[in-house]
Amino acid sequence: MHLLCGIDEAGRGPLAGDLVMAGCILHNTIVGLHDSKKLTAKKREALYTLIVKNASYHIVKFSAQDIDNNGISACLKKGLLEIMKNLQADEYLFDGNQSYGVQNLTTMIKADGKVPEVSAASILAKVAHDRDILEQAKKYPQYQFEKHKGYGTKLHVAMIKKYGYCEIHRRSYKIKALESTLFD
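Residues numbered from 1 in each chain as written. Predicted model: local features only at pLDDT ≥ 70, side-chain atom pairs only at ≥ 80, totals over all residues. Heavy atoms only, no water.

J.: When you look at the packing of aromatic side chains in this model, what are you seeing that I'm missing?
T.: For any pair of aromatic rings, the description consists of the separation of the ring centres together with the inter-plane angle of the planes. Within this structure, the stated rule accounts for four aromatic pairs. Between tyrosine 143 and tyrosine 163 the ring centres are 6.0 Å apart and the planes differ by 65°, which places this aromatic pair in the edge-to-face class. Here tyrosine 143 is found in the loop between α4 (116-139) and α5 (145-148), whereas its partner tyrosine 163 is found in helix α6 (residues 154-163), with 20 residues between them in sequence. With relative accessibility at 1%, the residue tyrosine 143 sits in the buried group. Among the aromatic residues, those joined into a cluster by ring pairs are Tyr140, Tyr143, Phe145 and Tyr163. (Phe/Tyr/Trp six-rings, centres within 6.5 Å; stacked < 30°, edge-to-face > 60°. Helix = DSSP H or I, 4+ residues; strand = E, 2+ residues; numbered from the N terminus. Buried < 20%, exposed > 50% of the residue type's maximum accessible area, 1.4 Å probe, protein only.)

See the structure below:
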């Protein structure tokens with residue numbers, strides 16, 4: 001039997017929160033898998049539970065400090081290598097077109113909407129990311145993370161202008177709307 005490990009990430013683009021990567025090998029068919037961004041939060045949560053029960057998986061998280069200190073590409077490479085070390089498969093398929101120099105890794109654009117194992121990894125990563133950011137929303141209510149999940153929305157940028165950065169913000173990410181106000 002050919003074992004395929006699907007790999008995807010969530011939280012590459014936000015201004016705050018962790019980068020979360022997941023690898024997933026399905027042991028049973030799960031109906032309803034799709035790109036996590038095309039599913040409702042409620043549907044993602046229900047599928048997350050099914051995936052955990054019907055798959056081998058590994059989740060890796062990188063903090064804002066990891067990203068600031070090492071760069072997003074280095075974190076992605078390290079996450080890919082950790083997943084490949086922890087999940088034994090015949091093939092590793094990563095969503096996107098970049099392998100970050102990792103050997104024995106296949107890439108495919110939009111694999112999260114085409115390949116069930118990658119869809120499952122997408123859901124695992126997105127749910128883990130969103131659960132974490134909702135926990136941070138309790139710790140830092142002034143930023144309203146529950147509304148934007150750390151992404152650079154107008155609301156989030158306005159909250160950074162008002163309160164400055166907190167511990168989970170990625171300071172290495174440049175925000176044009178802030179450059180003139182924070183660094184004057």
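J.: Is there a simple way to explain the sheet that holds strand β4 (residues 91-95) in this structure?
T.: Sheet strands pair via backbone hydrogen bonds, and the direction of the pair is either parallel or antiparallel. One open sheet accounts for five strands, arranged β3-β2-β1-β4-β5; its pairing is mixed. The open sheet has two free edges, formed respectively by β3 (55-62) and β5 (106-108), since each of these has just one partner strand. For this sheet, the mean angle separating the axes of adjacent strands, direction not counted, is 20°. Bridge count for strand β1 (residues 4-10) against strand β2 (residues 19-26) is five bridges, and the pairing is antiparallel. Among the inter-strand pairings, glycine 6 is bridged to a residue of β2, identified as cysteine 24. Strands in contact with helix α3 (residues 72-86) are β1, β2, β3 and β4; relative to β2, the strand with the most contacts, it is inclined by about 25°. (Pairing = 2+ DSSP bridges. Axes fitted to C-alpha atoms, helices over the stretch in contact; angles between N-to-C directions. Contact = heavy atoms within 4.5 Å.)

J.: How should I be thinking about helix α1 (residues 41-53) in this particular structure?
T.: Because each turn of an α-helix spans 3.6 residues, side chains separated by three or four positions in sequence point in the same direction. Look at α1: 19 Å from first C-alpha to last across 13 residues, which is about the 18 Å you get at 1.5 Å a residue. Along α1, the positions that sit buried rather than exposed are Arg44, Leu47, Tyr48 and Ile51. Axial view of α1: buried residues confined to an arc of 115°, hence all on one face. Set apart from the buried face of α1 by more than 90 degrees, the exposed residues are Lys42 and Lys53. (Expected span 1.5 Å × (residues − 1). Arc of directions from axis to C-beta.)

Spatial relationships are all this shows, so hold off on functional conclusions.
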